[in-house]
Amino acid sequence: MNHSLLIAFQTIIRKEVTRFSRVWLQTLIPPMVTTGLYFIIFGNLIGNKIGLMSGVDYVNFMMPGLILMSVIICSYTNVASSLFSAKFQRYIEEIAIAPIPHWLIILGYITGGVIRGLLVGFLVLLVAVNFADCTCYSYVHAVLIAFFASLLFSLAGFINALYARNFDDISIIPTLLLTPLIYLGGVFYSINLLPPFWESVSKANPLLYLINTFRYGFIGITDTSLVISYEIIAVWFIALYLWAILLLRHGKGFKI
Amino acid sequence: MSALDLVNVCKNFGSNQALSDVSFSVPDGEFLGLLGHNGAGKSTLIEIIVGLVEKSCGMVSVFGHDLDKEPMIAKSCIGLVSQDYNFNQFDTVMQVVVNQAGLYGIPYKTAVSRAKEYLEILQIAERSNEQTRFLSGGMKKRMMLARAVIHQPKLLILDELTSGVDIEVRYLIWDFLRELNRKGTTIIMITHYLEEIENLCNNVVILNRGRVVDIDSVENLQKKLVSFDVVITVSEPVEPELLQDLDINIISEYSFELKLDLGKATYTDLIQKLAQRGFRVVSIKEKASRLEQYFMYLRDHHL
């Protein structure tokens, strides 16, 4: 990357970080509160009655999934709302007229999403420490999956914003698609509990692999293969990136 | 070298042809006015040049760099002030200007230093740390101008920069633009204020219904008008029956307007003709600027 592009990249990141930091009460605190409530209700109150899940305390089983859920949702919504706001208020033109290649626009926006996703993940981890045993079984897998999950869903949020024509369009996907996939991706249960048919259906959910590999990073237990998880991440990343590049080449969301 | 070359540029929005076969060149260092009534295609043309709108056909070249083949180089030469407010309302003035510099690869320290300089010249430096949503319309426009020039573009495009701006600020902006142009920046200005064109521009392109209907210097365009409206004030009360053959339109007791055809009569002829009928001429004024009247003439004749 040449020096000018590096400065442009830093500028997009600075804009993004400034944007979500300015409204930190809306962007950083709610996931901490929500996750704290999950720990109190599902971890301590109901979790004590559930007992063990895959051989560990329920609250410890649930903890990695809750952290990753916050990372995924925050990464996605950060990029989707930031890019759509820029389109809505027309300041996307600042970037559209500047000499910045498409790949750098994508990289800048998703880096903003990754930063917020990982920051929220860290804050939620601080909450989790008060309720669960947060000792890491494998730091490498925990950190890598948190990073890849935020990367993938920032990219997905970017694509969503390019298509979006109104604010409903950037809330429909997280509400009607992302949240169900996360909840059905094994945040609260092991898929081994499911009947064979639903276990097979669950394996078509890419979030299952992310959540299980992340859980492996914390408690060393997973329902899925680590290799397959990373392969799925790679395939999804390439597919989403190519999709985003193609959209920008056709001016989607940027040009008339 | 031309700052800008447009060759057969066209743009269709569905079945609506917004631009048709637009071709002209803007020499380096020019101050060009782009005129046309609402919907003539001026803003669409500008948006094509800066890469915000995809053209349907034709070629755009900025300082010899084809916008399709070398978009990064072409874009780096251009600065734009849009017609609409297109900045983050929650950013401060300084953030808006400095961030734009960053997008063009200007290092942060240089950007801050330049931003301070431009904001100072444009007299909004004291509002640098305020969120842009708290600025008045004129201040927003000045900030947008500072943002457009922060990377020191060779070609500056202004889309109705001074609309809604008070006269004092307008003069400040004019001085700023004259200085930029004197230092070598090519400027293309869209405006509905024709006195702005007369004061600032060397040449004018007139668009109508998506087509170029005239390109010439301001002086030549003014000369093209042979017939225009003048307002005459006389020392005695106007008596219409004495001026029936002149097809006058009475404005007040002592003044009236008529169409003067320079092909048939001069000002002196007119004054003599009025004197013969007992009217001493106190003043003769052109009803509007000749450029404005020429522009209206083109519009009225659907050219």
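Not measured: the values here are computed from a predicted model.

**Things to note about the packing of helix H6 (residues 102-128) of chain A against helix H11 (residues 226-249) of chain A**
Residue and element names in this part refer to chain A.
- Relative orientation of the contacting elements H6 and H11 amounts to 125°, with a least axis distance of 9 Å. With respect to each other, H6 and H11 are oriented oblique. Like other packed secondary-structure pairs, H6 and H11 cross with a definite hand, here right-handed. Contact residues: His102, Trp103, Ile105 and Ile106 in H6; Tyr241, Ala244, Ile245, Leu248 and Arg249 in H11.
- Each residue belonging to the contact of H6 with H11 can be placed in one class, and the counts come to 7 nonpolar, 1 polar and 1 charged.

**So, helix H1 (residues 3-22) of chain A**
- In this model H1(A) runs 28 Å from its N-terminal to its C-terminal C-alpha over 20 residues, within 8% of the 28 Å that 1.5 Å per residue would give.
- All of the buried residues along H1(A) are Leu5(A), Ile7(A), Ala8(A), Phe9(A), Thr11(A), Ile12(A), Ile13(A), Lys15(A), Glu16(A), Arg19(A) and Phe20(A).
- Of the surrounding secondary structure, the elements contacted by the buried residues of H1(A) are helix H2 (24-27), helix H4 (58-88), helix H5 (92-96) and H6 of chain A together with helix H3 (93-103) of chain B.
- Here H1(A) starts with a cap whose side-chain oxygen sits 3.1 Å from the backbone nitrogen of Ser4(A), and that cap is Asn2(A).

**Topic: the sheet that holds strand E14 (residues 281-286) of chain B**
Residue and element names in this part refer to chain B.
- Taken in spatial order, the 4 strands line up as E12-E13-E11-E14 in an open sheet, and their pairing is antiparallel. One side of each edge strand has no neighbouring strand; the edge strands of this open sheet are strand E12 (249-250) and E14.
- Sheet topology places strand E11 (residues 227-234) next to E14; 5 bridges connect them, and they run antiparallel. In the sheet register, Ile232 faces E14, and the bridge partner there is Ile284.
- Helix H9 (residues 267-276) rests against E11, strand E13 (255-261) and E14 of the sheet, and its axis sits at about 140° to E14.

**Observations regarding the side chain of Glu47(B)**
- By the element assignment, Glu47(B) lies in helix H1 (residues 42-50).
- In this structure, Glu47(B) is in contact with Arg90(A), Leu52(B) and Val53(B), ignoring residues within four places of it in sequence.

**Notes on the pairing of strand E7 (residues 155-159) of chain B**
Residues and elements named next belong to chain B.
- For E7, the tally of buried residues reaches 5 of 5 residues, placing the bulk of the element in the interior.
- As paired elements, strand E6 (residues 78-81) and E7 share 4 bridges and run parallel to each other. Across the sheet, residue Gly79 finds its bridge partner in E7, namely Leu156.
- Summarising the sheet, E7 and strand E8 (residues 186-190) pair through 5 bridges and their orientation is parallel. Following the sheet pairing, Leu158 is matched in E8 by Met189.
- With respect to chirality, the unit in which E7 leads through helix H6 (residues 167-182) into the neighbouring parallel E8 is right-handed.

**A word on the environment of Glu160(B)**
- Here Glu160(B) is to be found in the loop between E7 and H6.
- Counting along the chain gives 29 residues from Glu160(B) to Gln131(B), while the straight-line C-alpha distance between them is 23 Å.

**Regarding the domain arrangement of chain B**
Residue and element names in this part refer to chain B.
- Domain parsing of chain B yields domain 1 (2-222) and domain 2 (226-300).
- Opposite the 12 residues of domain 1 that make contact, domain 2 presents 8 residues.
- Between domain 1 and domain 2, the buried area comes to about 940 Å², and carbon and sulfur atoms account for 76% of it.
- Counting the contacts that link domain 1 with domain 2 gives 0 salt bridges.
- Taken together, the elements giving at least two residues each to the side of domain 1 that touches domain 2 come down to helix H7 (194-200), strand E9 (203-208), strand E10 (211-217) and helix H8 (218-224).
- Take the side of domain 1 that touches domain 2: its biggest share by element is 3 residues, from H7.
- A breakdown of the residues in the side of domain 1 that touches domain 2 according to their chemical character gives 6 nonpolar, 4 polar and 2 charged.

**Looking at the packing of aromatic side chains**
- Using the criterion set out here, one finds 20 aromatic pairs over all chains in the structure.
- Taken together, the ring pairs in this structure connect Tyr38(A), Phe42(A), Tyr183(A) and Phe188(A) into an aromatic cluster.
- Sitting over the face of the ring of Tyr85(B), Lys140(B) holds its NZ or CZ atom 5.0 Å from the ring centroid.

**Quick look at the nonpolar core**
- Among the nonpolar cores identified, the biggest contains 170 residues, and Tyr109(A), Phe158(A), Leu45(B), Leu145(B) and Leu177(B) are the most heavily contacted of them.
- Among the elements that take part in this core, H4(A) stands out by supplying 18 residues, more than any other.
- Taken domain by domain, the makeup of this core includes at least three residues from each of domain 1 (2-222) and domain 2 (226-300) of chain B.
- Once residues lying within four places of it in the same chain are set aside, the contact partners of Leu177(B) are Phe31(B), Leu145(B), Leu156(B), Leu158(B), Leu161(B), Ile187(B) and Met189(B).
- Formed by 15 residues, the second largest nonpolar core is a distinct cluster that contains Val238(B), Ile248(B), Leu270(B) and Val281(B).

**What to know about the sheet that holds strand E5 (residues 65-66) of chain B**
Residues and elements named next belong to chain B.
- Strand order in this open sheet of 4 strands is E2-E1-E4-E5, and the pairing throughout is antiparallel. The open sheet terminates on both sides in strands that have one partner only, identified here as strand E2 (16-27) and E5.
- Across 2 bridges, strand E4 (residues 57-62) lies against E5 in antiparallel orientation. Paired with Ser61 across the bridge in E5 is Asp66.
- The strands touched by H1 within the sheet are strand E1 (2-13), E2 and E4, with E1 carrying the most contacts at an inclination of about 115°.

**Thoughts on the side chain of Lys87(A)**
Residue and element names in this part refer to chain A.
- As for its placement among the helices and strands, Lys87 is situated in helix H4.
- At 2.9 Å, the side chain of Lys87 forms a polar contact with the backbone oxygen of Leu162.
- Leaving out residues up to four positions away in the same chain, Lys87 has contacts with Ile92, Ala161, Leu162, Tyr163, Ala164 and Gly253.

**A word on the interface of chain B and chain A**
- Each side of the interface is counted separately: chain B has 35 residues, and chain A has 24 residues.
- With both chains or domains summed, chain B and chain A bury close to 2,600 Å², and 53% of this area falls on carbon and sulfur atoms.
- In this structure, the connection of chain B to chain A is made through 4 salt bridges.
- In this structure, Arg22(A) engages Asp91(B) in a salt bridge whose closest nitrogen and oxygen atoms are separated by 2.4 Å.
- Inspection of the region where chain B meets chain A yields 12 residue pairs in polar contact (both at pLDDT 80 or more).
- The set of elements that each furnish at least two residues to the side of chain B that touches chain A consists of E1, H1, helix H2 (71-76) and H3 of chain B.

Calculation rules
Residues numbered from 1 in each chain as written. Chains lettered and ligands numbered in written order. Predicted model: local features only at pLDDT ≥ 70, side-chain atom pairs only at ≥ 80, totals over all residues. Heavy atoms only, no water. Axes fitted to C-alpha atoms, helices over the stretch in contact; angles between N-to-C directions. Helix = DSSP H or I, 4+ residues; strand = E, 2+ residues; numbered from the N terminus. Parallel < 35°, antiparallel > 145°, perpendicular 65-115°, else oblique. Left-handed = near helix turned anticlockwise from the far one by under 90°. Contact = heavy atoms within 4.5 Å. Nonpolar A, V, L, I, M, F, W, Y, C, P; charged D, E, K, R; others polar. Expected span 1.5 Å × (residues − 1). Buried < 20%, exposed > 50% of the residue type's maximum accessible area, 1.4 Å probe, protein only. Polar contact = N/O pair within 3.5 Å; in protein donor to acceptor, adjacent residues only side chain to side chain. Pairing = 2+ DSSP bridges. Right-handed = clockwise from strand over helix to strand, strands pointing away. Domains from an automatic or database assignment. Buried area = accessible area lost by both parts, 1.4 Å probe. Salt bridge = Lys/Arg side-chain N within 4 Å of Asp/Glu carboxyl O. Phe/Tyr/Trp six-rings, centres within 6.5 Å; stacked < 30°, edge-to-face > 60°. Lys NZ or Arg CZ within 6 Å of the ring centre and 35° of its normal. Core = buried A, V, L, I, M, F, W, Y, C linked by side-chain atoms within 4.5 Å.

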